[in-house]
Amino acid sequence: KALALSPNDFRKVVGLSAIGWVLAEDNSPAEADSYFLKARQVAESANNERALSFVLRQQSSAAFNLKEYEAAREHAGEAVRLTAPYEEEDPLNYAYSLLQLAMADKAAAEIRALSRDEDVLRIVEAEGDLPLMADAHYSLGLDYHSLHEDRDKAKRHLEQARELYKRLGATKYEIEVD
C-alpha cells in the first residue's frame, strides 16, 4: 500500500529497493531479486537513470552483504557507467556508485588472493619449501585478517609464519609479523 502512495517513480524505486535490500539481509535472495527487478522496471519505464543507479547500488550492497562479490561488482559497475556522464551535475550520485564499486573490487580481489594463497600453501607444503611456506602463511594471515572472515585462522597463519621465520633465522620478518 505504501508503494501505491509514493508521490513519484523515484520514491517507488527507493521503496522497492529498500524491500529488496531487507529481504537480502534476511537471507531471502530470490525474493529480494524480485523486488530489485520491479524497482529496475519502474526506473527503466520512467527513463530515470538516477533511479536506476540507486537500484543498482542497493543491489550491489545486498550482494556484497551476501558475500557475492562478483555480482556486487557487476551492479556497482553498471551504476558507475550510468552516473559517470553526470558527474559534474550530480557528483554525489557518481561518488556513491564509485565507492560501492571500490568496496566490491577490494572484496573480490581479496577472495581471489585467498584462493591463490591457499594453492601456494598446498604446493609448498607438499614440496617442503620452508621460506616459501613462511611467506604463504604470512600472506594467508593477512588475507583472513583483511576479510574479517576468521580472526582465529588469521592468527594461526601469522603465528605459523612467525615460527617458520624464526626457525629460518629471518628475524627481520619474524619481528614484522609481530
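Definitions and cut-offs
- Residues numbered from 1 in each chain as written.
- Predicted model: local features only at pLDDT ≥ 70, side-chain atom pairs only at ≥ 80, totals over all residues.
- Heavy atoms only, no water.
- Axes fitted to C-alpha atoms, helices over the stretch in contact; angles between N-to-C directions.
- Helix = DSSP H or I, 4+ residues; strand = E, 2+ residues; numbered from the N terminus.
- Parallel < 35°, antiparallel > 145°, perpendicular 65-115°, else oblique.
- Contact = heavy atoms within 4.5 Å.
- Nonpolar A, V, L, I, M, F, W, Y, C, P; charged D, E, K, R; others polar.
- Salt bridge = Lys/Arg side-chain N within 4 Å of Asp/Glu carboxyl O.
- Buried < 20%, exposed > 50% of the residue type's maximum accessible area, 1.4 Å probe, protein only.
- Polar contact = N/O pair within 3.5 Å; in protein donor to acceptor, adjacent residues only side chain to side chain.
- Left-handed = near helix turned anticlockwise from the far one by under 90°.

A. Looking closely at the packing of helix α1 (residues 9-25) against helix α3 (residues 49-65). Taken N-terminus to C-terminus, the directions of α1 and α3 make an angle of 5°; their axes are 9 Å apart at the nearest point. Here α1 is positioned roughly parallel relative to α3, judged by the angle of their axes. Together, F10, V13, V14, S17, W21, A24 and E25 of α1 and R50, A51, F54, V55, Q58, S61, A62 and N65 of α3 make up the contact between the two elements. When grouped by side-chain class, the residues that make up the contact of α1 with α3 number nine nonpolar, four polar and two charged.

B. Main features of the pattern of salt bridges. Enumeration over the complete set of coordinates arrives at six salt bridges. R40 is the salt-bridge partner of E78, the closest N and O atoms lying 3.0 Å from each other. One end of the pair, E78, is in helix α4 (residues 69-83); the other, R40, is in helix α2 (residues 29-45), with 38 residues separating them in the sequence. Judged by relative accessible area, R40 falls into the buried class, the value being 18%. The salt bridge involving R112 is made with E70; its shortest N-O contact spans 3.0 Å. Of the two residues, R112 is situated in helix α5 (residues 91-127) and E70 in helix α4; the sequence distance between them amounts to 42 residues. Given the relative accessible area of 33%, R112 is considered partly exposed. Judged by relative accessible area, which is 38%, E70 ranks as partly exposed.

C. Quick look at the environment of S146. Looking at the secondary structure, you find S146 in helix α6 (residues 130-147). In this structure the side chain of S146 is engaged in a polar contact, spanning 3.1 Å, whose partner is the backbone oxygen of D143.

D. How the structure looks around the packing of α4 against α5. One way to put it is that α4 packs onto α5 with a least axis distance of 8 Å and a crossing angle of 155°. In terms of their interaxial angle, α4 and α5 are classed as roughly antiparallel. Seen from above, α4 lies across α5 with left-handed handedness. Each of Y69, E70, A72, R73, A76, G77, A79, V80 and T83 in α4 lies in contact with α5, whose residues at this interface are N93, Y94, S97, L98, Q100, L101, A104, D105, A107, A108, I111 and R112. Split by residue class, the contact of α4 with α5 holds 12 nonpolar, five polar and four charged.

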